[in-house]
Amino acid sequence: MKKTKILIVEDESIVALDMKRALESFDYEVTQTATNYHSAINSVLSNRPDLILMDVDLGTGKDGIETAQKIKTFENIPIIFVTAFSDEETINRAIQLDPVSYLIKPFKREELKSNIMLGLYKYNNHSNAFTEEDIIHLGENYYFEKEKNRLYFKALNIKLGRKEKLFLKVLVESKGHIVPFEDIAYMIWGTNSISNSTLRTLIYRLRAKLEHKLIETIPNVGCRI
């Protein structure tokens, strides 16, 4: 069986060596440990890895985000950013490139392995997981499968409770239109009376499983998606 090829882009040799040993213990093939913009570009052109572990801070010259941006212009390879930086500005720059994950140093080997596995799964499956007849695109890479009332991020199924499924179905069926709170309550609980806090809790739980901005709450009126 062909091994998954991974390129490490990291300017600290000790960190790069530790990552290389970890990847090899997971039975991945490390194509190279590049240290800067130019060596990373050349390595991608020569070896075309299946995934790239990209450090954001590469010392002097172009950083990891700029390096990833250049790679995206000629190869569509999934990228996991690995960095000690967790400030909002850095994260916002990174997410513009749609990385499959963002690992904050220091991290455990198990975290590295799980992020790689999930990243490869999401990348390899999302592009042909659905057809237009089956799903409704909600935005931000979230999809709703109409027939089975399932929510996906790319191809990854997000587990929903029974009431969360009903609530999302109600919103999707009226996509773009406000659904009054009383209608939401009736369609989920029927004629049973519920408190405002019960409905608020349900709304919060579903929003937490999506990008929060996808579900808009209009105070004293209702919700829409």
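Look a little higher up for the structure.
Residues numbered from 1 in each chain as written. Predicted model: local features only at pLDDT ≥ 70, side-chain atom pairs only at ≥ 80, totals over all residues. Heavy atoms only, no water.

J.: Let's hear about the sheet that holds strand β2 (residues 29-34): which residues, and what values?
T.: Spatial ordering of the open sheet is given by β2-β1-β3-β4-β5, a layout of five strands whose pairing is parallel. Taken across any chain shown, the strands that pair with only one partner, and hence form the sheet edges, are β2 and β5 (101-104). Between one strand and the next, the sheet's axes are offset by a mean angle of 20°, whatever the strand orientation. Bridge count between strand β3 (residues 51-55) and strand β4 (residues 79-83): four bridges; the pairing is parallel. Residue pairing in the sheet places Leu53 in a bridge with Ile80 of β4. Contacts from helix α2 (residues 37-47) reach β1 (5-9), β2 and β3 within the one sheet, and its direction differs from that of β2 by about 150°. (Pairing = 2+ DSSP bridges. Helix = DSSP H or I, 4+ residues; strand = E, 2+ residues; numbered from the N terminus. Axes fitted to C-alpha atoms, helices over the stretch in contact; angles between N-to-C directions. Contact = heavy atoms within 4.5 Å.)

J.: Let's hear about the pairing of β3: which residues, and what values?
T.: A regular strand places its side chains so that they alternate between the two faces of the sheet. Along β3, five of the five residues are buried, which leaves the element largely enclosed by surrounding structure. Here β3 shows no split at all, with Leu51, Leu53 and Asp55 on one side and Ile52 and Met54 on the other all buried. Looking at chain direction, β1 and β3 are connected through four bridges and run parallel. Bridge pairing links Ile8 to Leu53 in β3. Taking the sense of rotation as the criterion, the β-α-β connection linking β3, helix α3 (residues 64-72) and β4 turns out right-handed. (Buried < 20%, exposed > 50% of the residue type's maximum accessible area, 1.4 Å probe, protein only. Right-handed = clockwise from strand over helix to strand, strands pointing away.)

J.: How would you summarise the packing of helix α6 (residues 162-173) against helix α8 (residues 196-208) if you had to cite specific residues and measurements?
T.: For the pair α6 and α8, the least separation of the axes is 10 Å and the interaxial angle reads 80°. Of the possible angle classes, the one that applies to α6 and α8 is roughly perpendicular. Only Leu202, Ile203, Arg205 and Leu206 of α8 make contact with α6, whose side of the interface consists of Lys163, Glu164, Phe167 and Leu168. Among the residues making up the contact of α6 with α8, the classes are represented as five nonpolar, no polar and three charged. (Parallel < 35°, antiparallel > 145°, perpendicular 65-115°, else oblique. Nonpolar A, V, L, I, M, F, W, Y, C, P; charged D, E, K, R; others polar.)

This is a description of form; function is not addressed.
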